[in-house]
Amino acid sequence: MATDLERVDLFAGLPSEKLELLERSAQLRSYPRGAVVVSQGDEAHGMFVVRSGSLKAFLMHENGRELTLSHHLPGDYFGELALLDDAPRSASVMTLEACELLYIGRGDFLSMVKASPDSMGALLRNLVSRIRALTHNVHAFALEDVFARIHRLLDNVATPEGEHWVVEPRLTQQEIANLVGASREMVNRIVRDLVAGGYIANERNRIVIRRKLPARW
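Residues numbered from 1 in each chain as written. Predicted model: local features only at pLDDT ≥ 70, side-chain atom pairs only at ≥ 80, totals over all residues. Heavy atoms only, no water.

Novice: Would you mind showing me how to read helix H6 (residues 184-196) here?
Specialist: Residues spaced three or four apart along an α-helix face the same direction, because each turn holds 3.6 residues. Look at H6: 18 Å from first C-alpha to last across 13 residues, which is about the 18 Å you get at 1.5 Å a residue. When H6 is considered as a whole, its buried residues turn out to be Val-187, Ile-190, Val-191 and Leu-194. Axial view of H6: buried residues confined to an arc of 95°, hence all on one face. Pointing more than 90 degrees away from the buried face of H6 are the exposed residues Glu-185 and Ala-196. Packed against the buried residues of H6 are helix H4 (146-157), helix H5 (173-180) and strand E11 (200-202). Following H6 by one or two positions, Gly-198 adopts a phi angle in the positive range, close to 80°. (Helix = DSSP H or I, 4+ residues; strand = E, 2+ residues; numbered from the N terminus. Expected span 1.5 Å × (residues − 1). Buried < 20%, exposed > 50% of the residue type's maximum accessible area, 1.4 Å probe, protein only. Arc of directions from axis to C-beta. Contact = heavy atoms within 4.5 Å.)

Here it is in structure tokens:
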């Protein structure tokens, strides 16, 4: 029987029967829109897998400015480092719509690993792959201009639909600014130019990418 955990990259390569046991021990938690699931600095004792809905991970600067680190959709996960250490949460996570999450406690995870020691090798490889991807994103963030960051963001979150690609639900300009580390005014100017050039269209609940974005602006 297929499980929700088989969609999760972190558990790729693990036996189905082990994932089934781990999912049976997981807690199903429901959250309304706008709920803070974890707060930066909280004690951490487990990870979350997204079954439905969407969330954002973010940091809040002491001056009140927010930096969005990532968005999480069904099949994504967060808080995985809590499976291996006792450090506090490194970021906050809030729901963007009503969500169902699977919570996997550290104790249940370690029990699964003890019952299947060879699983640790696959888990470590998957964690290293995730860390490499994060390192690449930080490198690009440091070296790219704002347009290139927006271009990369849209490439990462858009999904194909017929002849076009769509970003759904639609990101607001403030959300884009938070994700790329730029001012809303700069994002507004770039988005306005992309719309005027026929590259993208802002519809009610989504962004439609009508043709390939230019490499440079």
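There is more to say after this.
Novice: How should I be thinking about the side chain of Ser-92 in this particular structure?
Specialist: Within the secondary structure, Ser-92 is located in strand E7 (residues 92-95). Owing to a relative accessible area of 11%, Ser-92 belongs among the buried residues under this scheme. Engagement of the side chain of Ser-92 in a polar contact is seen with the backbone nitrogen of Gln-40, the distance being 2.9 Å. In contact with Ser-92, not counting residues within four places along its chain, are Val-38, Ser-39, Gln-40, Lys-56, Ala-57 and Phe-58. (Polar contact = N/O pair within 3.5 Å; in protein donor to acceptor, adjacent residues only side chain to side chain.)

Novice: I tried to follow the packing of H4 against H6 on my own but got confused; where do I start?
Specialist: Packed helix pairs are characterised by how far apart their axes lie and by the angle those axes make with each other. Look at H4 against H6: their axes get within 10 Å of each other, and the N-to-C directions meet at 65°. When the axes of H4 and H6 are compared, the pair comes out roughly perpendicular. Crossing geometry of H4 relative to H6 is assigned as right-handed. When H4 is examined against H6, the residues Val-146, Phe-147 and Ile-150 are found in contact with a partner set consisting of Met-186, Val-187, Ile-190 and Leu-194. Broken down by class, the residue content of the contact of H4 with H6 amounts to 7 nonpolar, no polar and no charged. (Axes fitted to C-alpha atoms, helices over the stretch in contact; angles between N-to-C directions. Parallel < 35°, antiparallel > 145°, perpendicular 65-115°, else oblique. Left-handed = near helix turned anticlockwise from the far one by under 90°. Nonpolar A, V, L, I, M, F, W, Y, C, P; charged D, E, K, R; others polar.)

Novice: Would you explain the nonpolar core in this entry?
Specialist: Nonpolar side chains tend to gather and get buried jointly when the protein is soluble and globular. In this structure, Ile-150, Val-187, Leu-194, Ile-200 and Leu-213 are the most contacted members of the largest nonpolar core, which totals 22 residues. Looking at this core, the elements with two or more residues in it are H4, H5, H6 and strand E12 (207-209). Formed by 20 residues, the second largest nonpolar core is a distinct cluster that contains Phe-11, Tyr-77, Leu-83 and Leu-123. (Core = buried A, V, L, I, M, F, W, Y, C linked by side-chain atoms within 4.5 Å.)

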